[in-house]
Structure formats: C-alpha cells, structure tokens
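The lines below spell out each chain.
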Amino acid sequence: MRRAVCPGSFDPLHNGHLEIIARACNLFDEIIVAVSTNPAKSYRFTLEERLQMTRETLSALRGITIEAMGEGLLAEFCRRHGADAIVRGVRTSADFTFEVPMATMNRHLTGVETVFLAADAAYVHLSSTLLKEVASLGGDISGFVPRSVYRRMTAPSPGRA
Ligand code: ADP
C-alpha cells in the first residue's frame, strides 16, 4: 500500500491543485491532502474554511483523506501517517528552485521522498494569489476553481480585505 501526502495551504483550492491531486491518485493507493497553515502568513480563508472547501470538492473520491497538517514539520506529519512520499506540483523553474532544498531537507529528516509533477499547460498560470487578485477586481474566476470555492469567493465577506 503506497501512501502519499499532497500538502498545501489551498487558500483557496483551484483547478491546478485538483489536477495534481488527481494525478497523484493515479500513482498512489492513498492520498492525504494536508492543509497547512504558516503562522507567518495571512490567509483569505480560515483553516476551517480551507478544510471545508477541500472536503466539499474531494471527499467523494476514493482513496483521498483530508486533514489539517497541524503544527510542526511536514516530514514528521508524513512519518506519523505512514506516507512514503510528498507530491508537489511544479509550474516554473522558480517553483523548482524553491522546492528542491525543501525536498532534500525532508528526505534527510525522515527519509520521505518528494515526487514532483509538472503542472499541466492548461493550469500552469493558476495560483491562489492571482485568483484572489482577479476575483477582488471583479474578474470571472468560475472556470478556474471548484464550485464550493467560487461560491465563497463571490460571497460578501464583511471585515475581510
Ligand atoms: P503552498 O502554500 O504550500 O505553496 P499551495 O496551496 O500554493 O501551497 O500549493 C499546493 C501545491 O500545489 C504545491 O505543490 C504547488 O506547487 C502546487 N500548485 C499550485 N498551483 C499549481 C498549478 N497551477 N498547477 C500545478 N500545481 C500547482
């Protein structure tokens, strides 16, 4: 039984994430989507909302579980959950440059391997940051995010930037 973790902040989840998760499902028997929170960053959606959107979109799929990553190291999360690998999507050389030291460090920490999947050309332009910006300026992002995300992105959100 091969198990892998797809980590991310998913703020919010978009179709580029979904495509990587779907391809990871073809490679592994079980996928844990680990929703992370970096205390140094600020988020558009709370952890609970990010978990909810991810569950609403993915939980019907067989072999996928969705969990908060919690505090601490991703490598330790993988060890606790018996995961053999981390799956990361790579859009650009900048992504790759950022990811490789983390992958190497994670392998040195607990032996967990990282598998990089090249972003599909249809989604390579998607990032959560860009989608939030486009949506905040009134652009139509309906073709780029799952329905539960679109609903929340277009709902009035008092008190939020
Ligand atoms: P993080 O905050 O950890 O960078 P993200 O939520 O931005 O997490 O992304 C989660 C994962 O999805 C990462 O592996 C990231 O490289 C990948 N990813 C993000 N956008 C895309 C995309 N458009 N196509 C493929 N993979 C992507």
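Residues numbered from 1 in each chain as written. Predicted model: local features only at pLDDT ≥ 70, side-chain atom pairs only at ≥ 80, totals over all residues. Heavy atoms only, no water.

Trainee: I'm lost on the pattern of salt bridges in this one. Help?
Mentor: For side chains bearing opposite charge, pairing can occur when the charged atoms are close. A full pass over the atoms with the stated rule returns eight salt bridges. In this structure, Asp84 and Arg2 form a salt bridge, with 3.5 Å as the shortest nitrogen-oxygen distance. In this pair, Asp84 is assigned in the loop between α3 (74–80) and β4 (85–90) and Arg2 in the segment before β1 (3–8), connecting sequence segments 82 residues apart. A salt bridge links Arg23 to Glu19, with the nearest nitrogen and oxygen atoms 2.9 Å apart. (Salt bridge = Lys/Arg side-chain N within 4 Å of Asp/Glu carboxyl O. Helix = DSSP H or I, 4+ residues; strand = E, 2+ residues; numbered from the N terminus.)

Trainee: Would you mind going over the state of the cysteines with me for this structure?
Mentor: By definition, a disulfide links the sulfur atoms of two cysteines through a covalent bond. By the definition in use, this model includes zero disulfides. For the unlinked cysteine Cys78, the closest cysteine sulfur is that of Cys6, found at 10 Å. Assessed through its relative accessible area of 0%, Cys78 is described here as buried. (Disulfide = S-S within 2.5 Å. Buried < 20%, exposed > 50% of the residue type's maximum accessible area, 1.4 Å probe, protein only.)

Trainee: How should I be thinking about the UniProt feature "binding site: substrate" (unreviewed entry) in the protein chain in this particular structure?
Mentor: Cross-referencing UniProt, the feature "binding site: substrate" (unreviewed entry) maps to Ser9, Lys41, Leu74 and Arg88 in the present numbering. Position of Ser9 among the secondary structure elements: in the loop between β1 and α1 (15–27). A relative accessible area of 26% places Ser9 in the partly exposed class. Apart from residues no more than four positions distant in its own chain, Ser9 is found in contact with Val35, Ser36, Tyr43 and Arg50. Residue placement: Arg88 occurs in strand β4. Once residues within four sequence positions are removed from consideration, Arg88 is found in contact with Pro7, Gly8, Glu99, Met102, Thr114, Val115, Phe116 and Leu117. A distance of 2.8 Å separates a polar atom in the side chain of Arg88 from a polar atom in the side chain of Glu99. (UniProt positions renumbered as here; feature names shortened; annotations may be inferred. Contact = heavy atoms within 4.5 Å. Polar contact = N/O pair within 3.5 Å; in protein donor to acceptor, adjacent residues only side chain to side chain.)

Trainee: Could you clarify how one ought to interpret the nonpolar core in this entry?
Mentor: When a protein is soluble and globular, its nonpolar side chains tend to lie buried together. Formed by 27 residues in total, the largest nonpolar core has its most connected members in Ile31, Val33, Leu58, Ile64, Ile66 and Val87. Contributions of two or more residues to this core are made by β1, α1, β2 (30–35), α2 (47–58), β3 (64–68), β4 and α6 (147–154). Per element, the largest residue contribution to this core is four residues, and it comes from α1. Residues contacting Ile31, with those up to four places away along its chain left out, are Ala4, Cys6, Ala24, Cys25, Gly63, Ile64 and Thr65. The next biggest cluster of nonpolar side chains, apart from the first, holds 11 residues, and it includes Ala34, Met69, Phe77 and Cys78. (Core = buried A, V, L, I, M, F, W, Y, C linked by side-chain atoms within 4.5 Å.)

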